[in-house]
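An overview of the molecular structure
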Amino acid sequence: MTRRIEITLQKPRFALYGRIKPTLVIGGRGQPTQWGLGTWQVPSDQTALISAFLYNRLWRFGQAEFVLDPIHAASLVYRAPVLPFGRGRIYVQTSADPSA
């Protein structure tokens with residue numbers, strides 16, 4: 001059985017890099033993505049490791065990981081770093097989240 005999750009990929013308004021798109025890895029399978037809201041399938045009865053990173057032909061940056069358990073909500077947010085060498089962040093989106 002599978003379930004659908006939503007992941008919002010957010011880039012800072014004033015990032016010091018341009019034309020770079022995120023890569024999302026779910027269950028060991030990398031998927032190039034676009035900024036914004038997208039949906040993906042994950043197992044509904046197992047935990048899934050979700051990670052994201054940015055790549056600029058020289059190095060990877062903005063890496064973040066999240067272990068999604070079946071009890072977690074189906075809405076996540078990846079927030080990329082401002083600088084091209086920082087870490088990103090993945091978290092569960094709550095209804096009180098101002099970026100919702």
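Described below are features of the structure shown in this document. (Residues numbered from 1 in each chain as written. Predicted model: local features only at pLDDT ≥ 70, side-chain atom pairs only at ≥ 80, totals over all residues. Heavy atoms only, no water.)

Glancing now at the overall build of the protein chain. Secondary structure assignment for the protein chain yields zero helices and eight strands. The secondary structure elements of the protein chain, listed N-terminal to C-terminal, are β-β-β-β-β-β-β-β. Relative to the compact-globule value of 13 Å for 100 residues, the protein chain shows a C-alpha radius of gyration of 13 Å, a close match. Here the protein chain holds 100 residues, and the buried ones make up 42% of them. Taking all contacts inside the protein chain whose residues are at least 6 apart in sequence as the whole, residues at least 24 apart take part in 57%. Here the protein chain has roughly 6400 Å² of accessible surface; of this, 54% comes from carbon and sulfur atoms. Of the charged side chains in the protein chain, 12 are positive and 5 negative; the average position of the first set lies 15 Å away from that of the second. (Helix = DSSP H or I, 4+ residues; strand = E, 2+ residues; numbered from the N terminus. Rg over C-alpha atoms; globule rule 2.2 N^0.38 Å. Buried < 20%, exposed > 50% of the residue type's maximum accessible area, 1.4 Å probe, protein only. Contact = heavy atoms within 4.5 Å. Areas by Shrake-Rupley, 256 points an atom, 1.4 Å probe, with all protein chains shown as cover. Lys, Arg positive; Asp, Glu negative; His and termini not counted. Charge placed at Lys NZ, Arg CZ, Asp CG, Glu CD.)

Further remarks concern the side chain of serine 75. Mapping serine 75 onto the fold places it in strand S7 (residues 75–79). Apart from the residues lying within four places of it in its own chain, the contact partners of serine 75 are Glu6, Tyr91, Val92 and Gln93.

With respect to the element layout, threonine 8 can be found in strand S1 (residues 2–10). Distance in space between the C-alpha atoms of threonine 8 and isoleucine 90 is 9.5 Å, their sequence separation being 82 residues. What threonine 8 contacts, discounting residues up to four positions off in sequence, is Gly36, Leu37, Leu76, Val77, Tyr78 and Gln93.

Here the focus is the sheet that holds strand S8 (residues 89–92). Taken together, four strands build an open sheet; the order of strands is S4-S1-S7-S8 and the sheet is mixed. A single partner strand is all that each edge strand has here, and the edge strands are strand S4 (36–43) and S8. Taken pair by pair, the neighbouring strands of this sheet meet at an average axis angle of 25°, ignoring direction. Summarising the sheet, S1 and S4 pair through eight bridges and their orientation is antiparallel. (Pairing = 2+ DSSP bridges. Axes fitted to C-alpha atoms, helices over the stretch in contact; angles between N-to-C directions.)

Here arginine 19, not a glycine, exhibits a phi torsion of approximately 60°, which is positive. Note on placement: arginine 19 falls in the loop between S1 and strand S2 (22–26). For arginine 19, a relative accessible area of 86% gives the class exposed. Its identity is not glycine, yet arginine 57 carries a phi of approximately 75°, on the positive side. With respect to the helices and strands, arginine 57 occurs in the loop between strand S5 (48–55) and strand S6 (60–68).

Tallied over the entire structure, the rule returns one aromatic pair. Summarising the aromatic geometry, the rings of tyrosine 17 and phenylalanine 61 are spaced 5.1 Å apart at their centres and angled 70° between planes, so their arrangement reads as edge-to-face. Within this pair, whereas tyrosine 17 is found in the loop between S1 and S2, its partner phenylalanine 61 is found in strand S6, the two being separated by 44 residues in sequence. Each member of the pair, tyrosine 17 as well as phenylalanine 61, carries the same accessibility label: buried. Its guanidinium or amino end placed over the ring of phenylalanine 53, arginine 60 lies 3.8 Å from that ring's centre, counting from NZ or CZ. (Phe/Tyr/Trp six-rings, centres within 6.5 Å; stacked < 30°, edge-to-face > 60°. Lys NZ or Arg CZ within 6 Å of the ring centre and 35° of its normal.)

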